[in-house]
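Chain by chain, the residues:
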Amino acid sequence: METSEAIADAALPTKDANAMNDSGAGFGEFQERVAASPQLFAELAKANERDEFAAQAVKLGAGLGYRFGIAEVHAALTAARCAWLQRNVG
Amino acid sequence: MEPVTVRNGADGGVALDGWTPLRLAWREGMPLVDWCRLGDVAFTDPFFEQTIGRALRHPARLLFRRETSMERLEAVAHERPGVKPAGFIFHESRCGSTLVAQMLAAHLDSIVLAEAPPIDQVLRAHRRDGSISRAQRIGWLRAMISALGQTRRGGERRLFVKFDSWHALELPLIVGAFPDVPWVFLYRDPVEVLVSHQRQRGSQMIPGALDLRAFGVSGWGDTQMSLDAYCARVLSVICQAAVNHAALGRGRLVNFSELPQAVWDETSPLFGIEWTPEELERMCGAARRNSKDPSRPHTDDRQEKQREASVELRRLADEWVAPSYAQLEALRLAQAGGTAAAASAESASSRSRSQSFTTQSITR
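Computed from a predicted model, the values in this text were never measured in an experiment.

1. Notes on the overall build of chain A
- Within chain A, the secondary structure is distributed over six helices and zero strands.
- Counted from the first residue to the last, chain A has its helices and strands arranged as α-α-α-α-α-α.
- Across the 90 residues that make up chain A, the buried fraction comes to 36%.
- By sequence separation, contacts in chain A at least 24 residues apart represent 58% of the contacts at least 6 residues apart.
- Approximately 4,800 Å² of chain A is accessible, and the part contributed by carbon and sulfur atoms is 52%.

2. What to know about the overall build of chain B
- Each helix and strand in chain B was counted, giving 14 helices and nine strands.
- In chain B, 80% of the contacts between residues at least 6 apart in sequence involve partners at least 24 apart.

3. Focus: the side chain of Arg27 of chain B
All names here are of chain B.
- In this fold, Arg27 is placed in strand 2 (residues 19-27).
- Residue class for Arg27 comes out buried when judged on its relative accessible area of 18%.
- At 2.6 Å, the side chain of Arg27 and the side chain of Glu67 are in polar contact.

4. Details of the confidence of the model for chain A
Residue and element names in this part refer to chain A.
- For chain A, mean pLDDT is 80; residues scoring 70 or higher make up 72% of the total.
- Taken element by element, chain A is modelled with least confidence in helix 2 (residues 17-23), mean pLDDT 43, and with most confidence in helix 5 (residues 50-63), mean pLDDT 96.
- A low-confidence stretch, residues 1-23 (pLDDT under 50), is modelled with 29 contacts involving residues beyond four sequence positions or located in other chains.

5. Some remarks on the packing of aromatic side chains
- Using the criterion set out here, one finds 14 aromatic pairs over all chains in the structure.
- Residues Phe185 of chain B and Tyr187 of chain B carry aromatic rings whose centres are separated by 6.3 Å and whose planes lie at 15° to one another, so their mutual orientation is stacked.
- Accessibility expressed as a relative area gives 0% for Tyr187 of chain B, which makes it buried.
- Among the aromatic side chains, those forming a connected cluster through ring pairs are Phe27, Phe30, Phe53, Tyr66 and Phe68 of chain A together with Phe64 of chain B.
- The ring of Phe41 of chain A carries Arg37 of chain B above its face, with NZ or CZ at 5.2 Å from the centroid.

6. Re helix 9 (residues 190-199) of chain B
Residue and element names in this part refer to chain B.
- Of all 10 residues that make up helix 9, eight are buried, and the element is covered over most of its length.
- For helix 9, the set of buried residues is Pro190, Val191, Glu192, Val193, Leu194, Val195, Ser196 and His197.
- The distance from a side-chain oxygen at the start of helix 9 to the backbone nitrogen of Val191 is 2.9 Å, and the residue carrying that oxygen is Asp189.

7. Considerations on the sheet that holds strand 6 (residues 110-114) of chain B
Residues and elements named next belong to chain B.
- The five strands lie next to each other as 6-7-5-8-9, forming an open sheet whose pairing is parallel. On the outer flanks of this sheet lie strand 6 and strand 9 (251-255), each paired with one strand and no other. The average angle at which neighbouring strand axes cross in this sheet is 20°, direction not considered.
- With four bridges joining them, strand 5 (residues 85-91) and strand 8 (residues 183-187) adopt parallel strand pairing. The partner of His91 across the bridge, within strand 8, is Leu186.

8. Observations regarding the interface of chain A and chain B
- On the side of chain B, 21 residues touch chain A, which itself brings 25 residues to the contact.
- Summed over both partners, the interface of chain A with chain B comes to about 2,200 Å²; 67% of that surface belongs to carbon and sulfur atoms.
- Its largest share of buried area at the contact with chain B, chain A owes to Gln31, Phe41 and Trp84 of chain A, together 33% of the area lost on that side.
- Linking chain A with chain B are one salt bridge, by the criterion used here.
- Between chain A and chain B we count eight residue pairs in polar contact (both at pLDDT 80 or more) in total.
- Counting residues per element, the ones that place at least two in the side of chain A that touches chain B are helix 3 (27-35), helix 4 (38-44), helix 5 and helix 6 (70-85) of chain A.
- With seven residues, helix 6 of chain A is the single largest residue contributor to the side of chain A that touches chain B.

9. What about the pairing of strand 8 of chain B?
Residue and element names in this part refer to chain B.
- Across the five residues of strand 8, five count as buried, placing the element largely inside the fold.
- The side-chain alternation of strand 8 yields two buried faces, one formed by Trp183, Phe185 and Tyr187 and the other by Val184 and Leu186.
- Pairing analysis gives five bridges linking strand 8 to strand 9, with the strands arranged parallel. The residue bridging Trp183 from the neighbouring strand is Gly251, located in strand 9.

Cut-offs and rules
- Residues numbered from 1 in each chain as written.
- Chains lettered and ligands numbered in written order.
- Predicted model: local features only at pLDDT ≥ 70, side-chain atom pairs only at ≥ 80, totals over all residues.
- Heavy atoms only, no water.
- Helix = DSSP H or I, 4+ residues; strand = E, 2+ residues; numbered from the N terminus.
- Buried < 20%, exposed > 50% of the residue type's maximum accessible area, 1.4 Å probe, protein only.
- Contact = heavy atoms within 4.5 Å.
- Areas by Shrake-Rupley, 256 points an atom, 1.4 Å probe, with all protein chains shown as cover.
- Polar contact = N/O pair within 3.5 Å; in protein donor to acceptor, adjacent residues only side chain to side chain.
- pLDDT = per-residue confidence, 0-100.
- Phe/Tyr/Trp six-rings, centres within 6.5 Å; stacked < 30°, edge-to-face > 60°.
- Lys NZ or Arg CZ within 6 Å of the ring centre and 35° of its normal.
- Pairing = 2+ DSSP bridges.
- Axes fitted to C-alpha atoms, helices over the stretch in contact; angles between N-to-C directions.
- Buried area = accessible area lost by both parts, 1.4 Å probe.
- Salt bridge = Lys/Arg side-chain N within 4 Å of Asp/Glu carboxyl O.

Structure follows, in structure tokens:
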């Protein structure tokens, strides 16, 4: 069994991969799923650098039926960084 | 990109093992707890924010966070109480509190939460929403400290909280929430504190950065009050709060001039800690480094700050801070006298142990 398949089995069984393909679930849904799964998080936490992380996220997400690209991951990282830096504004 | 939000009613089953609160995030007028998987990242930096900033450089920690209700925070505290607080550190600012925190953090079995924003945000939540009650803040404070005080490396058994300087005003609430936890209030010669803020002002010394009502400083904006004058007034309010609340719970006053020796002679016995020789050596090592930049050695800057003080700064110190400083000194000396007899046998053995680790170069 490949790593991504093992992780998919271990992750919360809340969403079916084929259904995800049909519904076109994207990065937001993937983010929710990883936040709820220690196994998925641990797999992605192995990547320390942005490019490596983005590539790993796309690969892992595709294996679970989520559709998003590297650019979306980079955009999400940039948005999260900006939101954190501006957390005390307003 | 905001963290995954799990709203009220939906987060009852959310497992939060391994998650740490980073802050309160207000959404549509409601406080939510922003959590991150910190893993084994320990709070070893001089300030909580530095550790969090370091942790969030990792893409997975930055991106995969979640938000829950305050009710979930309280439920988590009930399920996993965390390490019980051993001691609280209050301070005037720029008076050695970071040194004390770093000395305590030198031990692998200690968790030191140094000026953690989520604690501050809980304490000031009622400024944001006037309907938040004192009882709610007490419950949230207990829960937040519990959630922050979880073991991460394994083996942690002591928890210390260094509060923000303005939290001296909240001593009644904090002592009410933790009546058994001993605390210290650190303070320093007013001129030296004012010079330090003149060099680099703390956020609380910038009018508008914090809610002015917290300090009750009036007149800003109506007059030509200088930043130094504002700073002196804020210091006065903080020190006066310590004077007013000195008798609450198990408190003790510590002057900067007593550091670092006071950490093992006064603070540690108060916190119920008996350090081993190895632990004392670690604390001495921490005391030899600059507490806010541990890569640099500590230098005694008292004379330098005294020389740097202008006539106007000395006048402000005398007018605004010196009266409460004098009261703190009187209370401290009374405390020392009152406990001297009872503690003589215990401290004699403690001193004889610690003196071998006390070097002339470590003076504050």
